[in-house]
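Given next are the chains, with one letter for each unit.
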Amino acid sequence: MQTVKMVITGPFSAGKTEFIGSISEIAVVRTERKITDETRAVKAQTTVAMDFGRITIDKDLVLYLFGTPGQRRFDFMWEILSEGMLGFVVMVDSVRPETFREARSILDTFRRYSETPFVVAANKQDHPDAWSPEDMKIALGLDDGIKVLPCIANQKESVKYVLLELLYTILERAQD
Amino acid sequence: MALKGNLRDFSIHQLLNLINLAHKTGSLQVKPEPVLRSANGHASSAALFFREGRLIHAAFEGKPTRLTDVMVQVGRLTPEQAQTVNARSRVDTDKELGLLLIQNGYLTQNDIIQGVRGYLLETVYQLFTWAAGDFHFEPNQLPPEERITVPLSLENVILEGNRRQQEWERLRDEIPDLEVPLRFAERPSANLRDISLTREQWQVISFINSKNTIKQIGEYLSLDEFQIRRVVYSLKRNGLIEMAQPVRVEPVAPRGPVPGAKLSRSVLLRIIDGVRRR
C-alpha cells in the first residue's frame, strides 16, 4: 500500500479543518481543544495538533490530508508535518485581510521547509465581502505563476477543484 | 468584489500597488484610528479617487477642495486673490474657477496643473505615515464632476511614498519609544559653533528637561509623530542630545529547504483520476 501526503496550511480560522472534512472519506480525525487565548472571539475550538483526512485512490494507493494548527504557538508541528509531503495548499480567508500577512509568512515558512509545489486557496468566496483571488494574489505579493484559486471550503466540488489544480501543478513540475 | 480592511494589516503602499496593477477605477476611503488622528492632526477620513489605476483626485473629509482653496493651500494663490475669484464665480466649478484664475492673470494653466498635482501628492503622501485605519475601496465611484482631476501615475507615487515610509520607519527604529525624556549630551561630539538650528529644533530644545517626554514635547508643539521624531533625530545625529539605544535581536538563520516527495507520472495520474471520481 502506497501512501501520499498533502498538507493543508494557513492562518488560524482560515477553513483548513472544513476543507479536509468536505472531501475526506473518513470522519476527520480532529485534535481540537477549547481556545484559551484572545482568538476565542473568532471560534470556539481550534486545531492544536493536526487534522487528518483520507482519500482512497485505489486498493494500492491512499492520499492523506494533514491540516496544520493555525496558531503560531503550535508551529513546531509544521516542519514535522511537512516532511515527505507531495504538495501543500495555503488556505486564506478572503474576508479577513488582517490575516494575509500571516498567510504570506506561513507560505514562506513552508517554502523554506520544502521545495514542493503549492497552491493558494482563497476561501469564503461566497461571502459578499470576499476579496477576489486576483486582488489577493497582488495583496499576498505572489508571482504570476502561482495559482490563487477561488474556494468555498464546505463545498466538496470546490475542494476537489483546489486539490486537482495542485495535482496538475505537481504533474507539470514532474514533467519539467 | 469588496476591498475592505485595515492599514495595520495591508499598508497604503500595498493598496496603491494593487490598484495600480489591477488598473482599478473607484474611490478609496481611509479612516484613521483615533490614536493616529490626534498624532497626525487629522480628524477626518481621506478619500482618494482613481481612474484605470491612476490617481486623479484626493481630499480629506471636511477640508475644502475647490480649486481656489487648493491653490491657496499649495501657496500659489493668496487668500485675497481666492476671495476675488470666488466672488466672481457663478457656478462654482473648478473649470470656471480655473478660467477666472487665468483671465485675472493670477495663474497660468501650467501653474494650476502643477498646483493640483502637488496637492494630490502631499495628500497621498500623508497617508503613508498612517500605520492603522479602516479602508474601503468602492469600485467605479468617481469624484464630484465639478472638481478638477489630474491623472498621476501611481508608480512614482508609490516610489516616493515608499521612500517617505522608509524614512518614517528608520525614524521609528532610531527613536522607538516616545515616552522617554531627552537630555543634553554631556560631551557634545559636534563643534557647536558650526551648527545652525531650525525654528522647530530650537522649540524642541526649549522643552528638554528630565520630566518632558518626547511625546509630550510633540504635543506641546503640535508636531505629529513623524515630525517630532525627525527633529529629535536631527538633534541626536548632531550630538546635541542623547537617548538610550534600543536592543536589537539578531535573526536566526533558517535551514535550507529539502526536496519534496517524488512520485512517478503514472502514480500522479492515478491520484488525479481518484480525486476526480470522488
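If you're wondering where the values come from, they're calculated on a predicted model, not measured in any experiment.

### What to know about the overall build of chain A
- Check the secondary structure of chain A and you find five helices and seven strands.
- Starting at the N terminus and ending at the C terminus, chain A contains elements arranged as β-α-β-β-β-α-β-α-β-α-β-α.
- Per-residue burial for chain A yields a buried fraction of 59% across its 176 residues.
- Within chain A, residue pairs in contact and separated by at least 24 positions form 68% of the contacts whose partners lie at least 6 positions apart.
- Here chain A has roughly 7300 Å² of accessible surface; of this, 50% comes from carbon and sulfur atoms.

### Some details on the overall build of chain B
- Along its length, chain B carries eleven helices and eight strands.
- Evaluated residue by residue, chain B yields a buried proportion of 44% over its 278 residues.
- Intrachain contacts of chain B at a sequence separation of at least 6 include 75% that bridge at least 24 residues.
- When the accessible surface of chain B is summed, it comes to about 15500 Å², and 49% of that surface belongs to carbon and sulfur atoms.

### Considering the pairing of strand β3 (residues 46–51) of chain B
Residue and element names in this part refer to chain B.
- With respect to burial, β3 is a largely interior element, five of its six residues being buried.
- As paired elements, strand β2 (residues 26–32) and β3 share five bridges and run antiparallel to each other. When the sheet's bridge partners are listed, Val30 is paired in β3 with Ala46.
- Bridging between β3 and strand β4 (residues 54–60) involves six bridges; their strand directions are antiparallel. Within β4, the residue paired with Phe49 across the bridge is His57.
- Between the antiparallel neighbours β3 and β4 lie two residues, among them Glu52 with a positive phi of about 45 degrees.

### Regarding the interface of chain A and chain B
- Residue-level contacts link 44 residues of chain A with 36 residues of chain B.
- A combined buried area of about 3500 Å² lies between chain A and chain B, and 61% of that area is made up of carbon and sulfur atoms.
- Among the residues of chain A in contact with chain B, A:Ile57, A:Trp131 and A:Ile138 are the three that bury the most area, contributing 16% of the side total.
- Across the contact surface, chain A and chain B share four salt bridges.
- When the shortest N-O distance is used, the salt bridge between B:Lys4 and A:Asp129 registers 3.2 Å.
- At the boundary of chain A with chain B, the tally comes to eleven residue pairs in polar contact (both at pLDDT 80 or more).
- Contributing elements (two or more residues each) for the side of chain A that touches chain B: β1 (2–9), β3 (45–58), β4 (61–67), α3 (100–113), α4 (133–139) and α5 (156–175) of chain A.
- Counting residues per element, the side of chain A that touches chain B draws most heavily on α5(A), at eleven residues.
- Considered class by class, the residues forming the side of chain A that touches chain B number 22 nonpolar, eight polar and 14 charged.

### So, the sheet that holds strand β6 (residues 152–153) of chain B
- Strand order in this open sheet of six strands is β1-β5-β2-β3-β4-β6 (chain B), and the pairing throughout is antiparallel. Since the sheet does not close on itself, it has two edges, and those belong to β1 (3–6) and β6 of chain B, each with one partner.

### Things to note about the pattern of salt bridges
- Taken as a whole and judged by the stated rule, the model has 24 salt bridges over all chains.
- B:Arg278 is paired through a salt bridge with A:Glu25; the nearest N and O atoms lie 3.3 Å apart. Pair noted here: B:Arg278 is in the segment after α11 (265–276) and A:Glu25 is in the loop between α1 (16–23) and β2 (29–34), and the two residues belong to different chains.
- Residues A:Lys59 and A:Asp60 are paired through a salt bridge, measuring 3.4 Å at the closest nitrogen-oxygen approach.

### A short note on α5(A)
- In this model, α5(A) (20 residues) spans 28 Å end to end at C-alpha, consistent with the 28 Å of a helix rising 1.5 Å per residue.
- Burial in α5(A) covers these residues: A:Ser158, A:Val159, A:Lys160, A:Val162, A:Leu163, A:Leu164, A:Glu165, A:Leu166, A:Leu167, A:Thr169, A:Ile170 and A:Leu171.

### Examining α3(A)
- For α3(A), built from 14 residues, the straight-helix expectation of 20 Å at 1.5 Å per residue is met to within 8% by its first-to-last C-alpha distance of 20 Å.
- Among all positions of α3(A), only A:Phe100, A:Ala103, A:Ile106, A:Leu107, A:Thr109, A:Phe110 and A:Tyr113 are buried.

### Concerning the packing of aromatic side chains
- Tallying each qualifying case throughout the model produces twelve aromatic pairs over all chains.
- Three or more aromatic residues link up through ring pairs in this structure, and these residues are A:Phe88, A:Phe110, A:Tyr113 and A:Phe118.

### Brief notes about the confidence of the model for chain A
- Per-residue confidence for chain A averages 85 on the pLDDT scale, and 81% of its residues sit at or above 70.
- Model confidence for chain A, summarised as mean pLDDT per element, is weakest for β2(A) at 58 and strongest for strand β7 (residues 148–150) of chain A at 98.

### Some thoughts on the nonpolar core
- Counting 66 residues, the largest nonpolar core has A:Val120, A:Trp131, B:Leu16, B:Leu28, B:Leu48 and B:Phe50 as its most contacted members.
- Top contributing element to this core by residue count: helix α6 (residues 109–127) of chain B, with seven residues.
- Discounting chain neighbours no more than four positions away, the residues touching B:Leu28 are B:Ile12, B:Leu15, B:Ile19, B:Ala46, B:Ala47, B:Leu48, B:Phe50, B:Phe135, B:His136 and B:Phe137.
- By size, the runner-up hydrophobic cluster in this structure holds 34 residues, among which are A:Ile55, A:Leu86, A:Met91 and A:Ala153.

### Some remarks on the packing of helix α7 (residues 154–174) of chain B against helix α10 (residues 225–237) of chain B
Residues and elements named next belong to chain B.
- With their axes 10 Å apart at the nearest point, α7 and α10 run at an angle of 60 degrees to one another. Classified by chirality, the crossing of α10 by α7 is left-handed. Judged by residue contacts, Arg164, Glu167, Trp168, Arg170, Leu171, Arg172 and Glu174 of α7 engage Glu225, Phe226, Arg229, Arg230, Tyr233 and Lys236 from α10.

Conventions and cut-offs
Residues numbered from 1 in each chain as written. Chains lettered and ligands numbered in written order. Predicted model: local features only at pLDDT ≥ 70, side-chain atom pairs only at ≥ 80, totals over all residues. Heavy atoms only, no water. Helix = DSSP H or I, 4+ residues; strand = E, 2+ residues; numbered from the N terminus. Buried < 20%, exposed > 50% of the residue type's maximum accessible area, 1.4 Å probe, protein only. Contact = heavy atoms within 4.5 Å. Areas by Shrake-Rupley, 256 points an atom, 1.4 Å probe, with all protein chains shown as cover. Pairing = 2+ DSSP bridges. Buried area = accessible area lost by both parts, 1.4 Å probe. Salt bridge = Lys/Arg side-chain N within 4 Å of Asp/Glu carboxyl O. Polar contact = N/O pair within 3.5 Å; in protein donor to acceptor, adjacent residues only side chain to side chain. Nonpolar A, V, L, I, M, F, W, Y, C, P; charged D, E, K, R; others polar. Expected span 1.5 Å × (residues − 1). Phe/Tyr/Trp six-rings, centres within 6.5 Å; stacked < 30°, edge-to-face > 60°. pLDDT = per-residue confidence, 0-100. Core = buried A, V, L, I, M, F, W, Y, C linked by side-chain atoms within 4.5 Å. Axes fitted to C-alpha atoms, helices over the stretch in contact; angles between N-to-C directions. Left-handed = near helix turned anticlockwise from the far one by under 90°.

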